[in-house]
Amino acid sequence: MEEQKKAVSEQKKSCTNCGAELTYKPGTTAITCAYCGHHETILQDQDGFKELALKPYLDEMGAQSHSEEIVMLHCKNCGANQHIEEHYKSLHCVYCTMPLIVEDAYKEDWILPGAVLPFQFDQKKSHQLFSKWVKGLWFAPNNLKKAALDPQNTKGLYLPYWTFDAQLYANYTGQRGTYYYVSVPYTTTVNGKTVTRMRQQRRTRWTPVSGSVQGFVDDTLIKASHQRKNLIPKKISNWNLEALQPFNTGFLAGFVTEKYTIPLKDGHLASTKEAELIAKSWARRDIGGDTQRVQSIDMRLSDETFKHILLPVYVSAYRFHDKKYNFFINGQTGTISGSRPYSFWKIFFLVLCIVAVVLIIVWLSNK
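Just so it is clear, the structure is predicted and the values come from calculations on it, not from any experiment.

*Asks:* Any chance you could break down the pattern of salt bridges for me, citing the residues and the numbers?
*Replies:* One pass over the full model with this rule turns up 2 salt bridges. Between lysine 307 and glutamate 51 there is a salt bridge, and its shortest N-O distance comes to 2.8 Å. Taken as a pair, lysine 307 in strand β13 (residues 291-320) and glutamate 51 in the loop between β3 (39-41) and β4 (52-53) lie far apart in primary sequence, 256 residues in all. Salt-bridge contacts for lysine 307 lead to aspartate 219; the nearest nitrogen and oxygen are separated by 3.0 Å. With lysine 307 in strand β13 and aspartate 219 in strand β10 (residues 193-223), the pair connects residues that are 88 residues apart, well separated along the chain. Lysine 307 gets classed as buried once you look at its relative accessible area, which sits at 1%. Connected through salt bridges with shared partners, the residues Glu51, Asp219 and Lys307 form a single ionic network.

*Asks:* Tell me about the side chain of histidine 308, and name the residues and values.
*Replies:* Following the sequence through the fold, histidine 308 ends up in strand β13. One polar contact links the side chain of histidine 308 to the main-chain carbonyl oxygen of isoleucine 111, over a distance of 2.6 Å. Ignoring anything within four residues of it in the chain, the contact list for histidine 308 reads Trp110, Ile111, Leu112, Pro113, Gly114, Ala115, Pro160, Tyr161, Trp162 and Tyr260.

*Asks:* Lay out the packing of aromatic side chains in plain terms, naming residues and giving numbers.
*Replies:* Under the defined criterion, the tally for this structure stands at 11 aromatic pairs. Measuring from ring centre to ring centre gives 5.2 Å for tyrosine 24 and phenylalanine 251, while their planes differ by 75 degrees; the resulting arrangement is edge-to-face. Here phenylalanine 251 lies in the loop between β11 (245-246) and β12 (256-258) and tyrosine 24 lies in strand β1 (residues 22-24), a separation of 227 residues in the sequence. Using a relative accessible area of 3% as the deciding quantity, one classes tyrosine 24 as buried. A centroid spacing of 4.8 Å and a plane angle of 50 degrees characterise the contact between tryptophan 162 and tyrosine 260, whose relative ring orientation is tilted. In this pair, tryptophan 162 is assigned in strand β9 (residues 154-190) and tyrosine 260 in the loop between β12 and α5 (264-287), connecting sequence segments 98 residues apart. Of the two residues, tryptophan 162 and tyrosine 260, neither departs from the other in class, the shared state being buried. Among the aromatic residues, ring-to-ring pairing joins Tyr24, Phe119, Phe121, Tyr158, Phe251, Phe255 and Tyr314 into one connected group. The lysine or arginine in question, arginine 199, covers the ring of tyrosine 186, its NZ or CZ lying 4.4 Å from the ring centre. Residue placement shows arginine 293 over the ring face of tryptophan 206; its charged tip is 3.8 Å from the ring centre.

*Asks:* Pulling in residues and values, what's your account of a nonpolar patch on the surface?
*Replies:* On the surface, a cluster of nonpolar side chains totalling about 260 Å² of accessible area is made up of Val351, Val355 and Leu359. Note that valine 351 resides in helix α6 (residues 344-366).

*Asks:* Can you break down the sheet that holds strand β2 (residues 30-33) residue by residue, with the values?
*Replies:* Strand order in this open sheet of 3 strands is β1-β2-β3, and the pairing throughout is antiparallel. Each edge of the open sheet is held by one strand with a lone partner, namely β1 and β3. Adjacent strand axes in the sheet meet at a mean angle of 30 degrees when their direction is disregarded. Sheet topology places β1 next to β2; 3 bridges connect them, and they run antiparallel. The residue of β2 that forms the bridge with leucine 22 is cysteine 33.

*Asks:* Tell me about the side chain of threonine 163, and name the residues and values.
*Replies:* Take threonine 163: it is sitting in strand β9. Assessed through its relative accessible area of 0%, threonine 163 is described here as buried. Residues within four places of threonine 163 in sequence aside, it is in contact with Asp219, Thr220, Leu221, Thr305, Phe306, Lys307 and Ile309.

*Asks:* Can you lay out the environment of threonine 23 for me, pointing to particular residues and giving the numbers?
*Replies:* Residue position: threonine 23 is located in strand β1. Placed 231 residues apart in sequence, threonine 23 and glycine 254 show a C-alpha to C-alpha distance of 4.9 Å. In contact with threonine 23, other than residues within four places in its own chain, are Ala30, Ile31, Thr32, Ala253 and Gly254.

*Asks:* Report on the confidence of the model for the protein chain, specifying residues and quantitative values.
*Replies:* Of the residues in the protein chain, 73% have a pLDDT of 70 or more, and the chain-wide mean is 79. Element-level pLDDT for the protein chain is lowest in helix α1 (residues 2-11), with a mean of 34, against a maximum mean of 94 in α5.

*Asks:* With reference to specific residues and values, describe empty space enclosed by the protein.
*Replies:* Counting across every chain of the model gives 1 cavity of 30 Å³ or more. Volume-wise, the largest cavity comes out at about 70 Å³. Phe164, Asp165, Ala166, Val217, Thr220, Ser271, Thr272, Ala275, Leu301 and Glu304 together form the lining of the largest cavity. Of the residues assigned to the lining of the largest cavity, the class counts are 5 nonpolar, 3 polar and 2 charged.

Each value, and the rule that gives it
- Residues numbered from 1 in each chain as written.
- Predicted model: local features only at pLDDT ≥ 70, side-chain atom pairs only at ≥ 80, totals over all residues.
- Heavy atoms only, no water.
- Salt bridge = Lys/Arg side-chain N within 4 Å of Asp/Glu carboxyl O.
- Helix = DSSP H or I, 4+ residues; strand = E, 2+ residues; numbered from the N terminus.
- Buried < 20%, exposed > 50% of the residue type's maximum accessible area, 1.4 Å probe, protein only.
- Polar contact = N/O pair within 3.5 Å; in protein donor to acceptor, adjacent residues only side chain to side chain.
- Contact = heavy atoms within 4.5 Å.
- Phe/Tyr/Trp six-rings, centres within 6.5 Å; stacked < 30°, edge-to-face > 60°.
- Lys NZ or Arg CZ within 6 Å of the ring centre and 35° of its normal.
- Patch = residues over 30% accessible without salt bridge, like charges linked within 9 Å, V, L, I, M, F, W, Y side chains within 5 Å.
- Areas by Shrake-Rupley, 256 points an atom, 1.4 Å probe, with all protein chains shown as cover.
- Pairing = 2+ DSSP bridges.
- Axes fitted to C-alpha atoms, helices over the stretch in contact; angles between N-to-C directions.
- pLDDT = per-residue confidence, 0-100.
- 1 Å grid on protein atoms, 1.4 Å probe; cavity = no way out; pocket = protein on both sides within 12 Å on 5 of 7 lines; lining within 4 Å.
- Points joined across faces, edges and corners; volume = space filled by probe spheres on them.
- Nonpolar A, V, L, I, M, F, W, Y, C, P; charged D, E, K, R; others polar.

Listed below in structure tokens is the structure:
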């Protein structure tokens, strides 16, 4: 526990030159001082990722291992749970921009992340990407650019996910389908007369099969927060997990971290369902033929391990005409997605112009 407490204090580390806070510089392995330029290298764990044995945690025996206590702030407006360091200047929810009350902070234990996918570009770059995207939106209200392009509304957030590894073994029964073609007659009309002709029709010959498949299921990714009101779009969830780094609190400095709200056991259930889909896919490949049917599958998982990982995303939230909109930028790839308002009048005048053009064309045609 002493090492874990030390890691927490290192996350709040001050600059040795001027006393200002050190924050992570995206795309590097360093924490830097924005005032004097001093930087320190984030030391990498030579042991690599910390894969934890799953069963002890599911049996509630591993709660004190690889865990620590963190300070949490709960947004009463949208329900998001956020871990924000004391030095974080803007105490507003990253999702809905509502103020977070520091006096309501509370402490919770969490399973230490085993890996983190560091941000690859800074807030300034994310704001440039976001501005370009907003300017390219069709039928957006004119005031949208002013409302949405405030850099203070764009914040870096580490999202929690579970990853699961396991050895998979499954027995299956099913059918292998082989295509064959037969000639069948059909009638058609030619020059006003009914004639009979032949055409090829595809059919399938089914053969019963059974067998087994096995292999290693690596890094099944399961989201670890509910996000009932702030669902992260699938479009930006194109993570390259090969770039994961062993967890170090230095990567979190200057960013907000969301705590997982989906328990490990629920994440494991979701990963088991994903493993069943993988097993069926392997079974179809093993059956072969032109098409396949998997009628039953008996799957077993062994040597199961898991990691709690953090993935980067920039979030921009703002209100426009009393309605909240969220925009998301993948902090690794720069992919953008989000909701946006439409201008009624721009669409109305466009439709009006189209109708006017059609009427003019009809009028000219009639003349």
